[in-house]
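# Coordinates in review
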Amino acid sequence: MGAVRSAEAGKRVVIVMTSGPSTPHRCATPFFIGMLLASMDAEVAIFFTMEGVLLTRRGVAENLAAMAGGKEIIHFIREAKEAGVKLYMCRPAMPGYDIDDEDIISEIDEVASGGVLAEMILSCDKALFF
Amino acid sequence: MGAVRSAEAGKRVVIVMTSGPSTPHRCATPFFIGMLLASMDAEVAIFFTMEGVLLTRRGVAENLAAMAGGKEIIHFIREAKEAGVKLYMCRPAMPGYDIDDEDIISEIDEVASGGVLAEMILSCDKALFF
Amino acid sequence: MGAVRSAEAGKRVVIVMTSGPSTPHRCATPFFIGMLLASMDAEVAIFFTMEGVLLTRRGVAENLAAMAGGKEIIHFIREAKEAGVKLYMCRPAMPGYDIDDEDIISEIDEVASGGVLAEMILSCDKALFF
């Protein structure tokens, strides 16, 4: 954002993404907000858990749009990543949704334990829930 | 709240309202909580985004109740406003829900960018998500 | 967690549980996260409100699972409690869901006003929303 960093620069944000394909209208904005926050020099992690993990299965985000005629969710995920957002997948949520490691899109930076999420929640500056 | 202000007075709270008419049971309480927080001298903003923006279209909140026989959602919106809550509408969410500026209820204080929401999230004391 | 307490020990967390039987896949993880946070020496309160209050009616959490074949929700509620999580029920939400005091499972520590929730939200270190 140029030479002048905002007063909020460096804040750590975790976005807990619990929405998935059963509510497509909830699946684009969280990544857009993550992208915006990262563009404002926040350190942003998006943590997929609960139904959100389904968005990380190959073929899902590539073929899902929040709105009829809207861009696919993978577009928003990639824009967030390009802005510097890190993407985490909740390992304990994987068996319930029948997802194996090899099913996960390459955009995911790390498959992490629930303890990692809990630690992020305690240590971050802001936790967001969608 | 009288001469004695609480220890929490002046705290800034943003309530991100993502629920809308498809989940009416989620549409009253967020305004009630906003009203309570404002009554405790917090500075409260409610930011409508995602499906929440539909509640700002004329005719929607006036004809929707969270519960059968309950008061209409507009009642809760107005109570929040009377307690001092400011209401923001997410401009980037408007086209997807086919909402124009002239469609919006007069209770909305400001139509704002996603950057305004991001800045609120970073700078507030507490961010709530419904 | 043994003799060494984490840097995050003693942080106060409130988990606002708004999901209920209409979205069973959202009903186990919040208690699991509460249990994890309490195990990391956070002081955790789970506050049932909106549809979440239905989980406190006798017979509901005992017969609901987040996933086909998964453990019943009451199991996750009890694990959270055993880890030290306190459970609060939102009194103003009870009439709308037709719940009386005698209907509530014994795991609930306190039936509380909306003002208690608002105060928790203002005074906690982290507020989580599911």
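Residues numbered from 1 in each chain as written. Chains lettered and ligands numbered in written order. Predicted model: local features only at pLDDT ≥ 70, side-chain atom pairs only at ≥ 80, totals over all residues. Heavy atoms only, no water.

### Some words on the environment of Cys27 of chain C
Residues and elements named next belong to chain C. Which entries qualify depends on this criterion: A run of H or I in DSSP becomes a helix once it reaches four residues, and a run of E becomes a strand once it reaches two; helices and strands are each numbered from the N terminus. Contacts are residue-level and defined by heavy atoms, with any inter-residue pair within 4.5 Å sufficient.
In this structure, Cys27 sits in the loop between β1 (12–17) and α1 (29–39). Between the alpha carbons of Cys27 and Glu72 there is a distance of 9.6 Å; along the sequence they are 45 residues apart. In this view, Cys27 contacts Met17, Ser19, Gly20, Pro21, Leu55, Leu64 and Ile73; residues no more than four positions away in its chain are not counted.

### Structural notes on the interface of chain B and chain A
We count it as follows: The term buried area denotes the loss of accessible surface (1.4 Å probe radius) that occurs when two parts are joined, taken as the sum for both partners. A side-chain nitrogen of Lys or Arg and a carboxyl oxygen of Asp or Glu constitute a salt bridge if their distance falls within 4 Å. N or O atoms closer than or at 3.5 Å make up a polar contact, with two conditions inside protein: a donor-capable atom paired with an acceptor-capable one, and, for residues adjacent in sequence, both atoms drawn from side chains. Residue classes follow a fixed rule: Ala, Val, Leu, Ile, Met, Phe, Trp, Tyr, Cys and Pro count as nonpolar, while Asp, Glu, Lys and Arg count as charged, and any other residue, Gly among them, counts as polar.
The interface of chain B with chain A comprises 20 residues on the first partner and 19 residues on the second. Buried surface at the junction of chain B and chain A, summed over both partners, amounts to about 1,600 Å²; 74% is from carbon and sulfur atoms. Sorting the residues of chain B by area buried against chain A places Met50, Leu122 and Phe129 of chain B first, and these three jointly supply 43% of that buried surface. Here chain B is connected to chain A by zero salt bridges. Viewed at the interface, chain A and chain B are joined by five residue pairs in polar contact (both at pLDDT 80 or more). Broken down by element, the residue count for the side of chain B that touches chain A peaks at eight residues, all from helix α3 (residues 114–123) of chain B. A class-by-class count of the residues in the side of chain B that touches chain A yields ten nonpolar, seven polar and three charged.

### Concerning the sheet that holds strand β3 (residues 86–90) of chain A
Sheet strands pair via backbone hydrogen bonds, and the direction of the pair is either parallel or antiparallel. All names here are of chain A. The condition that has to hold: The pairing criterion is simple: DSSP has to find at least two bridges between the two strands. Only C-alpha atoms enter the line fits that serve as axes; for helices the fit covers just the stretch in contact. Angles between N-to-C directions range over 0 to 180 degrees.
Within the open sheet, the five strands sit side by side as β4-β3-β2-β1-β5. Their pairing is parallel. Strand pairing shows two members of the sheet lacking a second neighbour, β4 (110–112) and β5 (126–129), which therefore form its edges. Across the sheet, the mean angle from the axis of one strand to that of its neighbour is 25°, orientation sign disregarded. For β3 and β4, the ladder comprises three bridges, and the chain directions are parallel. Each residue of the ladder has a partner; that of Cys90, found in β4, is Ala112. Helix α1 (residues 29–39) rests against β1 (12–17), β2 (43–48) and β5 of the sheet, and its axis sits at about 160° to β2.

### Description of the environment of Thr18 of chain A
In this structure, Thr18 of chain A sits in the loop between β1 and α1. C-alpha separation for the pair Thr18 of chain A and Met40 of chain A, spaced 22 residues apart in sequence, amounts to 24 Å. Ignoring any residue separated from it by four or fewer positions in sequence, one finds Thr18 of chain A in contact with Thr49, Met50, Glu51, Gly52 and Phe130 of chain A together with Arg26 and Phe130 of chain C. Side-chain polar atoms of Thr18 of chain A contact the side chain of Arg26 of chain C, separated by 2.8 Å.

### What about the interface of chain A and chain C?
Every contact between the two is made by 19 residues of chain A and, on the other side, 19 residues of chain C. Taken over both partners, the interface formed by chain A and chain C buries close to 1,600 Å², and the fraction arising from carbon and sulfur atoms is 74%. The interface formed by chain A and chain C contains zero salt bridges. Applying the counting rule to chain A against chain C returns five residue pairs in polar contact (both at pLDDT 80 or more). Class assignment for the residues of the side of chain A that touches chain C results in ten nonpolar, six polar and three charged.

### Structural notes on the side chain of Ser19 of chain C
Its place among the elements puts Ser19 of chain C in the loop between β1 and α1. Within the local environment of Ser19 of chain C, its side chain forms a polar contact with the side chain of Arg26 of chain C, the two groups lying 3.0 Å apart.

### Quick look at helix α3 (residues 114–123) of chain C
All names here are of chain C. Put simply, the rule is: The classification of residues rests on relative accessible area computed with a 1.4 Å probe and restricted to protein chains. Under 20% of the type maximum is buried, over 50% is exposed, and intermediate values are partly exposed.
Within α3, seven of the ten residues are buried, which leaves it mostly tucked inside the rest of the structure. Residues of α3 that are buried: Gly114, Leu117, Ala118, Met120, Ile121, Leu122 and Ser123. Residue Ser113 occupies the N-cap position of α3, its side-chain oxygen lying 3.3 Å from the main-chain nitrogen of Gly115.

### Here we look at the relation of the copies chain B and chain A
Just so we agree on the cut-off: For the least-squares superposition of copies, only C-alpha atoms count, and only for residues with pLDDT at least 70 in both.
Mapping chain B onto chain A calls for a rotation angle of 120° and an axial translation of 0.0 Å; the resulting RMSD is 0.0 Å. What we have between these two chains is a three-fold relation. In terms of C-alpha distance to the rotation axis, chain B has Phe129 of chain B as its closest residue, with the C-alpha 3.5 Å off the axis. With a heterologous cut-off of 20% or less, the 5% of interface residues of chain B that recur at the interface of chain A puts this contact in the heterologous class.

### Some points on the sheet that holds β1 of chain C
Residues and elements named next belong to chain C. Within the open sheet, the five strands sit side by side as β4-β3-β2-β1-β5. Their pairing is parallel. Each end of this open sheet is capped by a strand with a single partner; those strands are β4 (110–112) and β5 (126–129). The sheet shows a mean angle of 25° between the axes of neighbouring strands, taken without regard to direction. Of the strand pairs in this sheet, strand β2 (residues 43–48) and strand β3 (residues 86–90) are connected by four bridges, and their pairing is parallel. By the bridge assignment for β3, Phe48 is matched with Met89.

### A closer look at the pairing of β1 of chain C
Residue and element names in this part refer to chain C. The following threshold applies: Here a crossover is taken to be right-handed if, once the strands point away from the viewer, the path from the first strand over the helix to the second is traced clockwise.
The element β1 is largely enclosed, with a buried count of five among its six residues. Looking at chain direction, β1 and β2 are connected through six bridges and run parallel. Within β2, the residue paired with Val16 across the bridge is Phe47. Following the backbone out of β1, through α1 and into the adjacent parallel β2, one traces a crossover that is right-handed.

By themselves, these observations are geometric and do not establish any function.
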